[in-house]
Amino acid sequence: MAINSISYSGSLFGQAVLNLNNQLTNLSTQLATGEKSTTYSGMGVNEGFAIAARQQLSDISAFGDTITNVNTTISAENTALQSLSSIATSVQNDASTTPQTISSTGQTIGQANAQSEFISMVGILNTQVGDRYIFSGSAINTPSVASSDQILNGNGTQAGLKQLIAERAQADGTTGLGRLVISTPATTGTAPATTTSFSVSEDSAGSPFGLKLSSVSSSLTGATVSGPSGSPASVSFSFGATNPNPGDQVTLNFNLPDGTTSSVTLTASSANPPPSGSFAIGATPAATAANLNSALNTSIGTLANTTLVAASAVVAGNEFFDPSSSATGAVATNQQTPPQAITSATALSGTSPSNSLSASFASGDTITVNGTTISFSATAPTSTSGSPYVINTTSGTVGNLLSAIDSITGSTTPSSINSGAVTINTPSAANFSISASSSTAQNALAALGFSQAAGTATTAAGVTTISAVQPPLRVSSSGSVTGAAAVDQETSPQAITGLTALSGTAPSASLSTGFANGDAITVNGKTITFSNAANSLTGPTYNINPATSTVGNLLSAIDSITGTTTPSSISGGGAVTINTPNAANFSITASSSDPNAQAALAALGFSSASGTATTSAGGTNITANATSLVNGSADTVAWYTGNNSTDPRASANAQVDSGISVQYGVQANEQAIRQQLEGIAVYAAVTESPTATNSPAQAAALSSRITTNLTSQPGQQQISDIQTDLANAQTTMKAASDRQTQTQSVLQNMIDSTETVSTEQVASQILAIQSSLSASYQTTSMLSQLTLTKFLSGGL
């Protein structure tokens, strides 16, 4: 019988030994690596959970990196914001406490310090953290603001803040009276029933420049003081047969361009000389009127050269820095007899004569403001804060309408009325419009001063739309050139009119020296010829027949060339006023080879002697005659160069946890930051004459305004509001980080329990297996020596 060999590995005992050996190998690997297995399949049934947990840990790690980076940015933002607050406080303290002594540089110590602080602010606002500019909103690769030099001094053809302040000061007039006209006292009647009268008047209706008459009060015995009334507004003084008593007073109140008010009070005095702030009671009422007139010239001149200068500088700064804007209509009057400039109390509807609009909103009318409807109803109560917006046509006023508009636009600067001109303010010019849906509503808007003629409305498919002027705002280059009074050739010469003939023989209603066949003049580079051919007043070639044409025909041709929307005119005294939308390019000339044309221009009141018939609007200072503001975006430095978002915080956001994001963007043009930058820039930009009498008072008026403007106002954004938003973002991140730390611990424990081993336990198992293997190997060794003989003999 054959006996097969015994296979060790195939035996049950051998297999058991091999299993123990494999276990020892695996345990040795676990002891060396700390992991259960080198393959996913060896990890066990929970490995799927461990893989998912590992992904969550990766996400948490990424969130942690994001939180670290965002915290770094927010910390830098907070540091910068705190520095801005400190600078503003320092400048405010300087403005309120330093002496108003003007140095040789034309500035006070506080203003000189403000220049350094302004440079520091610009540097802070252009702070970078890593590769991002932190005050530029989402435009992280772009500096947030222009350089301090460009902001103050301009950049080539683009004006800076100093130029805008200078333009505004010039537009406040060159007579030193803030665009007011004080007439010379005139006496009428026969003694003793004589009356001496004079007036204080604004020079232009609806102009945003200069001093604006607000109200007047008087206790002058024997004198009548009335107004302001008319357009432009005027206050009249009339002295009768009785002199005022000592101590009698008259007060004129003025509105200033920056929204503040000021007044001039004069007291009648019998002292000689009269003390400051008073006027002498003369021997006669006429003499007293002359003394009051002189005192008003002095007091208003002081106000115009001190407080007005400061107020204009502040408003010029606002027009340079503020991203909001305004739409200003023409002067509007009510239905009283005679018509008066409208106020906020003017009724939206009513019969004449009354303090109501001449064209009124009617029940059923609607207007749309920025896409929101305002309805006019005869029955529903007025609601100026929405849900819905309704104005009662019976009881509603212009003030109610402006309140509703302000509620819709969200403007922080209430719309206003200045001598009958309505100004609607808006925080976003690009998105601002008012449209009227019916002819009556269109007429009512026109009655408020908003019409195509005013240059503030366009008409499309019968809908009048008013749009705001886009900032920055510049003083309009438009203006006017007014010649000397001109008379005709009648026996008793009369002031010329639009019907006065361009040529003719005396005596007749014609120019004393008329244009003749063959003459020519040049207006803005275009030639107007005078020939016996037919009139051509609208171009492209211009011809006027001097034998049949009038002064009005000539003015029509000039207006066609200039493109003015305000037709040229002739005053009652015969003075021709030529209006132009672009003063810088306006000129009227007559060739030296055409002396007759030169003489004819002189007969119209324009001569080289008056300096108005030569180039550049005859040298007339158009800025000083400006009556409006224009969009200056093309020729003014853009101080803010970052991204402009309606929600600055949302301009930078980061996900810091699953489904949780934080917003931490900041823009240099936010109200709180902008107002500080604006106030300090204006303070640094203004200079005063070191030798002028009014300079210290002018500096004091400016310092007072800067102190106020750098003080946080209720309802306006503050630096601390921005910091609070950033603190909220940090709080959110801190909570997310804490949750992630806890989650990270739980997940790591789950992974460890699934994938790792206890080295102590593995070492214990190895010792046990080693003991088993040792016994197994001894047994194996004994079995390996077993023979058949030994087996049969019963011995090993």
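Residues numbered from 1 in each chain as written. Predicted model: local features only at pLDDT ≥ 70, side-chain atom pairs only at ≥ 80, totals over all residues. Heavy atoms only, no water.

Draft legend 1. Geometry of the overall build of the protein chain. On a plain count of helices and strands, the protein chain comes out with 18 helices and 31 strands. Expressed as a percentage of its 796 residues, the buried residues of the protein chain come to 43%. In the protein chain, the share of contacts with a sequence separation of at least 24, taken over all contacts with a separation of at least 6, comes to 64%. For the protein chain, the exposed area adds up to about 35700 Å²; of that, 52% sits on carbon and sulfur atoms. (Helix = DSSP H or I, 4+ residues; strand = E, 2+ residues; numbered from the N terminus. Buried < 20%, exposed > 50% of the residue type's maximum accessible area, 1.4 Å probe, protein only. Contact = heavy atoms within 4.5 Å. Areas by Shrake-Rupley, 256 points an atom, 1.4 Å probe, with all protein chains shown as cover.)

Draft legend 2. Structural context of the pairing of strand β27 (residues 576–580). Counting buried positions along β27 yields 5 of 5 residues, so the element is predominantly enclosed. Residues V576, I578 and T580 point to one face of β27 and T577 and N579 to the other, with burial holding for every one of them. Two strands pair when backbone bridges link them, and strand β26 (residues 569–570) and β27 are joined in this way by 2 bridges, in the antiparallel orientation. Residue pairing across strands places S569 opposite T577, the latter belonging to β27. Between the end of β26 and the start of β27, which pair antiparallel, lie 5 residues, with G574 showing a positive phi angle near 90°. (Pairing = 2+ DSSP bridges.)

Draft legend 3. Just the nonpolar core, in detail. If you look at the biggest cluster of nonpolar residues, it comprises 62 residues, and the most contacted ones within it are F135, L161 and I673. In contact with I673, other than residues within four places in its own chain, are L81, L84, L125, F135, V666, Q667, A668, I719 and I722. (Core = buried A, V, L, I, M, F, W, Y, C linked by side-chain atoms within 4.5 Å.)

Draft legend 4. Local environment of the packing of helix α14 (residues 671–685) against helix α15 (residues 695–709). Their axes nearest at 10 Å, the elements α14 and α15 cross at an angle of 165°. Taken together, the axes of α14 and α15 are roughly antiparallel relative to one another. Of the two possible hands of crossing, α14 and α15 adopt the one that is left-handed. Packed against α14, whose contacting residues are G679, V682 and Y683, the element α15 presents L702, S703 and I706 at the interface. When its residues are assigned to classes, the contact of α14 with α15 shows 4 nonpolar, 2 polar and no charged. (Axes fitted to C-alpha atoms, helices over the stretch in contact; angles between N-to-C directions. Parallel < 35°, antiparallel > 145°, perpendicular 65-115°, else oblique. Left-handed = near helix turned anticlockwise from the far one by under 90°. Nonpolar A, V, L, I, M, F, W, Y, C, P; charged D, E, K, R; others polar.)

Draft legend 5. The pattern of salt bridges, seen in detail. Taken as a whole, this structure holds 11 salt bridges when the rule is applied. The closest approach of N and O atoms between D203 and R179, which form a salt bridge, is 2.6 Å. A residue pair is termed long-range when its members are at least 10 positions apart, and D203 in the loop between β5 (193–202) and β6 (212–218) and R179 in the loop between α5 (161–171) and β3 (180–182) qualify at 24 residues. For D258, the salt bridge is made with R705, and the minimal N-O distance between the two is 2.8 Å. (Salt bridge = Lys/Arg side-chain N within 4 Å of Asp/Glu carboxyl O.)

Draft legend 6. Up close: the packing of aromatic side chains. Considering all chains together, one arrives at 6 aromatic pairs under this definition. When the ring of F198 is compared with that of F237, the centres are 4.8 Å apart and the planes differ by 10°; the resulting orientation is stacked. One end of the pair, F198, is in strand β5; the other, F237, is in strand β8 (residues 234–239), with 39 residues separating them in the sequence. You can call F237 buried: its relative accessible area is 1%. Each ring, one from F515 and one from F530, has its centre 4.2 Å from the other, and the planes form 10°; the classification is stacked. Within this pair, whereas F515 is found in the loop between β22 (479–482) and β23 (520–523), its partner F530 is found in strand β24 (residues 526–530), the two being separated by 15 residues in sequence. Both residues of the pair, F515 and F530, count as buried. (Phe/Tyr/Trp six-rings, centres within 6.5 Å; stacked < 30°, edge-to-face > 60°.)

Draft legend 7. Spatial organisation of the sheet that holds strand β25 (residues 542–544). The 4 strands lie next to each other as β25-β24-β23-β28, forming an open sheet whose pairing is mixed. Edge positions in the open sheet fall to β25 and β28 (588–590), since each of these has one partner strand only. Each neighbouring strand pair of the sheet contributes to a mean axis angle of 25°, computed without reference to strand direction. Across 4 bridges, the pairing between β23 and β24 is antiparallel. Paired with I521 across the bridge in β24 is I528.

Draft legend 8. Up close: the environment of D647. By secondary structure assignment, the location of D647 is in the loop between β29 (629–631) and β30 (653–657). Considering only alpha carbons, one finds D647 and G137, 510 residues apart in sequence, at a separation of 9.4 Å.

Draft legend 9. Geometry of the packing of helix α7 (residues 307–321) against α14. In contact at an axis separation of 9 Å, α7 and α14 are set at 135° when each is read in the N-to-C sense. As summarised for this structure, α7 and α14 are arranged oblique, according to the angle between their axes. The hand of the α7/α14 crossing is right-handed. Seen from α7, the contacting residues are A313, V314, G317, N318 and F321; seen from α14, they are R674, L677, E678, A681 and V682. Of the residues assigned to the contact of α7 with α14, the class counts are 6 nonpolar, 2 polar and 2 charged.

Draft legend 10. Here's a closer look at the sheet that holds strand β9 (residues 249–255). The 4 strands lie next to each other as β6-β9-β10-β11, forming an open sheet whose pairing is mixed. Each edge of the open sheet is held by one strand with a lone partner, namely β6 and β11 (278–280). With direction set aside, neighbouring strand axes in the sheet form an average angle of 20°.

Draft legend 11. Fine view of the side chain of E202. Tracing the sequence through the fold places E202 in strand β5. Comment: no salt bridge for buried E202; closest opposite-charge side chain is K212, at 4.0 Å. Separated by 2.9 Å, the side chain of E202 and the backbone nitrogen of L213 make a polar contact. Those residues in contact with E202 that lie beyond four places of it in its chain are R179, L180, L211, K212, L213, P232, A233 and S419. (Lys, Arg positive; Asp, Glu negative; His and termini not counted. Polar contact = N/O pair within 3.5 Å; in protein donor to acceptor, adjacent residues only side chain to side chain.)

Draft legend 12. Representation of α5. Within α5, burial applies to L161, L164, I165, E167, R168 and A171. End-on, the buried residues of α5 take up no more than an arc of 160°, which puts them together on one face. The first or second residue beyond α5 is G173, which carries a positive phi of 105°. (Arc of directions from axis to C-beta.)

Draft legend 13. Structural detail: the side chain of T393. Tracing the chain through its elements places T393 in the loop between β15 (389–392) and α8 (398–409). T393 has contacts with S349, F361, A362, S363, F376, S377 and A378, leaving out every residue within four places of it along the chain.

Draft legend 14. The arrangement of helix α3 (residues 109–125) in detail. The end-to-end C-alpha distance of α3 is 24 Å, a good match for the 24 Å that 17 residues give at a rise of 1.5 Å each. Residues of α3 that are buried: G110, Q111, A114, F118, M121, V122, I124 and L125. (Expected span 1.5 Å × (residues − 1).)

Draft legend 15. Quick peek at the environment of L448. By secondary structure assignment, the location of L448 is in the loop between α9 (439–447) and β19 (457–460). When sequence neighbours within four positions are dropped, the list of residues in contact with L448 reads A330, A332, I342, L357, F361, V398, L401 and V422.

Draft legend 16. Structural view of the confidence of the model for the protein chain. When the pLDDT values of the protein chain are averaged, the result is 83; 81% of them are 70 or greater. Mean pLDDT per element in the protein chain: helix α12 (residues 615–618) is the minimum at 32, and β11 is the maximum at 97. Confidence drops under pLDDT 50 across residues 608–620; counting only partners more than four residues distant or on other chains, this segment forms 32 contacts. (pLDDT = per-residue confidence, 0-100.)

Draft legend 17. Structural view of unusual backbone geometry. Of the consecutive residues T337 and P338, the connecting peptide bond is found in the cis state with omega at -5°. By secondary structure assignment, the location of P338 is in the loop between β12 (325–328) and β13 (366–369). Note that the residue after G539, namely P540, is joined by a cis bond; omega there is 5°. As for its placement among the helices and strands, P540 is situated in the loop between β24 and β25. Even without a glycine there, the phi angle at N370 is positive, about 50°.

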